[in-house]
Amino acid sequence: MIYNIDCIRGAKQYLDDESVDLIVTDPPYNLGFGGTTQTKTKRPRFEIIANDKLSHAEYQSFTYKWLSEAYRVLKIQCHIYVCIDWRMYPYMVLWMKKVGFIIKNCIVWDKQQMGMGWQYRFQHEFIIFAVKGSSNVRRIKSRKKIDIWRIPRISGNKMIHPTEKPESLMKEIIINSSEEGELVVDFFMGSGPVAISAAQTNRRFIGFEIDEKYFKIVEEKLR
Ligand SMILES: C[S@@+](CC[C@H](N)C(=O)[O-])C[C@H]1O[C@@H](n2cnc3c(N)ncnc32)[C@H](O)[C@@H]1O
């Protein structure tokens, strides 16, 4: 089930308390990002994504609201993964702790290809891995998994969303932290890599996306 709706409203409307087995999400980082700049026109490839250019106070309030909903709906002992980059990482970790999550690790996604930046070009992002509850928390599938993941990013000219993540990245999370038939939720679907990965691995899925054009892309991909 996917909804073209604000995730905070969507969660209140469609998700019961402690009903979700896994949350995987990639929120706006508040960097005013519209994708890498095109070589010819010098313009960003896409429009700035929704809620990515707020004041710090507005962003904090928005983040608290969706994180509180995420905390409410996640089952005790289950996992949440939140994508973020180094600039917003300290805030996101702090806010996740404040709503009650216990931070377990930070996965470093090595995109295997350099991106933007001109003093040490960016090649990594973080994925915060946290749980709800402190005892008997769920374990990831294998004891041999490490916290650096080398998965190629989608190259600029193939992107259909400015912050598009590869499906293989999301599939790794879903397989490690949930079982077939369980419910996976994404609060910020974008172009839908979590939705597609959940469908391909036989999980149930609920996702929210506020921007109609991205919502339609996910709808089409799922069809
Ligand atoms: C960082 S992007 C996610 C990109 C996605 N991981 C992908 O690979 O395509 C965040 C997405 O959240 C959406 N968004 C922003 N505010 C939202 C809100 N309040 N509720 C639902 N979606 C929202 C944006 O339109 C954007 O597509």
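Small disclaimer: the values here were computed from a predicted structure and weren't measured.

Draft legend 1. Structural detail: the overall build of the chain. Secondary structure summary: the chain contains 6 helices and 8 strands in total. Along the chain direction, N to C, the helices and strands of the chain fall in the order β-α-β-α-β-α-β-β-β-α-β-α-β-α. Counting only C-alpha atoms and orienting by the principal axes, one finds that the chain spans roughly 55 × 40 × 35 Å. If you take every contact in the chain between residues at least 6 apart in sequence, the share linking residues at least 24 apart comes to 72%. Accessible surface computed for the chain: about 11,600 Å², of which carbon and sulfur atoms make up 51%. Of the side-chain charges in the chain, 34 are positive and 26 negative, and the distance between the mean point of each set is 5 Å.

Draft legend 2. Representation of the site of the ligand within the structure. In the region of the ligand, 24 residues are neighbours, and Asp6, Asp26, Lys165, Ser191 and Glu209 sit closest. Measuring from a nitrogen atom of the ligand, one finds a side-chain N or O atom of Asp6 at 2.6 Å. Within the side chain of Asp26, one N or O atom sits 2.7 Å away from a nitrogen atom of the ligand. About the coverage of the ligand: the protein hides 99% of its 600 Å² of free accessible area. Among the residues forming the shell around the ligand, the class breakdown is 13 nonpolar, 5 polar and 6 charged.

Draft legend 3. Structural context of helix H2 (residues 56-73). Between its first and last C-alpha atoms H2 spans 26 Å; for 18 residues at 1.5 Å apiece the expected length is 26 Å, and the two agree. Listing the buried residues of H2 in full gives Tyr59, Phe62, Thr63, Trp66, Leu67, Glu69, Ala70 and Val73. Seen along its axis, H2 keeps its buried residues to an arc of 155 degrees; they face one direction. Where the residues of H2 are buried, they touch helix H1 (7-14), strand S2 (20-25), strand S3 (74-84) and helix H3 (89-99).

Draft legend 4. Structural detail: the packing of aromatic side chains. Applying the stated rule across the entire model yields 13 aromatic pairs. Ring centres of Tyr89 and Phe126 lie 5.1 Å apart, and the angle between their planes is 65 degrees; this geometry places the pair in the edge-to-face category. Here Tyr89, found in helix H3, pairs with Phe126, found in strand S5 (residues 124-131); they are 37 residues apart in sequence, far enough to count as distant. The class of Tyr89 is partly exposed, set by a relative accessible area of 24%. Overall, the relative accessible area of 16% leaves Phe126 in the buried class. One aromatic cluster is present, formed by Tyr3, Tyr14, Phe62, Trp66, Phe187, Phe188 and Phe208 through successive ring pairs.

Draft legend 5. Spotlight on the pairing of S3. Counting buried positions over the 11 residues of S3 gives 8, a clear majority of the element. Pairing analysis gives 5 bridges linking S2 to S3, with the strands arranged parallel. Within S3, the position partnered with Thr25 by the bridge is Val82.

Draft legend 6. How the structure looks around the side chain of Lys165. Of note, Lys165 is situated in the loop between strand S6 (148-150) and helix H4 (167-177). According to the relative accessible area criterion, Lys165 is buried, its value standing at 5%. Only 2.8 Å separates the side chain of Lys165 from the side chain of Asp26, close enough to count as a polar contact. Of the polar contacts made by the side chain of Lys165, one reaches the backbone oxygen of Thr163; its length is 3.1 Å. Among all residues touching Lys165, those that are not within four sequence positions of it are Asp26, Tyr29, Cys83, Trp109, Glu125, Ile154, Met170 and Pro193.

Draft legend 7. Molecular detail of the nonpolar core. One finds Trp66 and Phe187 to be the most contacted residues of the largest nonpolar core, which totals 60 residues. In terms of residues, this core owes the most to one element, S3, which gives 7 residues. In this structure Trp66 touches Cys7, Ile8, Thr25, Pro27, Val82, Met92, Phe187 and Phe188, once residues within four positions along its chain are discounted.

Draft legend 8. Fine view of the packing of H1 against H2. The contact between H1 and H2 brings their axes to 9 Å, and the two run at 25 degrees. One element, H1, and the other, H2, form an angle in the roughly parallel class. Handedness of the H1/H2 crossing: left-handed. Side by side, H1 and H2 meet where Cys7, Ile8, Ala11 and Lys12 of the first sit next to Phe62, Lys65, Trp66, Glu69 and Arg72 of the second. Its residues assigned to classes, the contact of H1 with H2 comprises 5 nonpolar, no polar and 4 charged.

The rules we used
Residues numbered from 1 in each chain as written. Predicted model: local features only at pLDDT ≥ 70, side-chain atom pairs only at ≥ 80, totals over all residues. Heavy atoms only, no water. Helix = DSSP H or I, 4+ residues; strand = E, 2+ residues; numbered from the N terminus. Contact = heavy atoms within 4.5 Å. Areas by Shrake-Rupley, 256 points an atom, 1.4 Å probe, with all protein chains shown as cover. Lys, Arg positive; Asp, Glu negative; His and termini not counted. Charge placed at Lys NZ, Arg CZ, Asp CG, Glu CD. Near = heavy atom within 4 Å. Polar contact = N/O pair within 3.5 Å; in protein donor to acceptor, adjacent residues only side chain to side chain. Nonpolar A, V, L, I, M, F, W, Y, C, P; charged D, E, K, R; others polar. Expected span 1.5 Å × (residues − 1). Buried < 20%, exposed > 50% of the residue type's maximum accessible area, 1.4 Å probe, protein only. Arc of directions from axis to C-beta. Phe/Tyr/Trp six-rings, centres within 6.5 Å; stacked < 30°, edge-to-face > 60°. Pairing = 2+ DSSP bridges. Core = buried A, V, L, I, M, F, W, Y, C linked by side-chain atoms within 4.5 Å. Axes fitted to C-alpha atoms, helices over the stretch in contact; angles between N-to-C directions. Parallel < 35°, antiparallel > 145°, perpendicular 65-115°, else oblique. Left-handed = near helix turned anticlockwise from the far one by under 90°.

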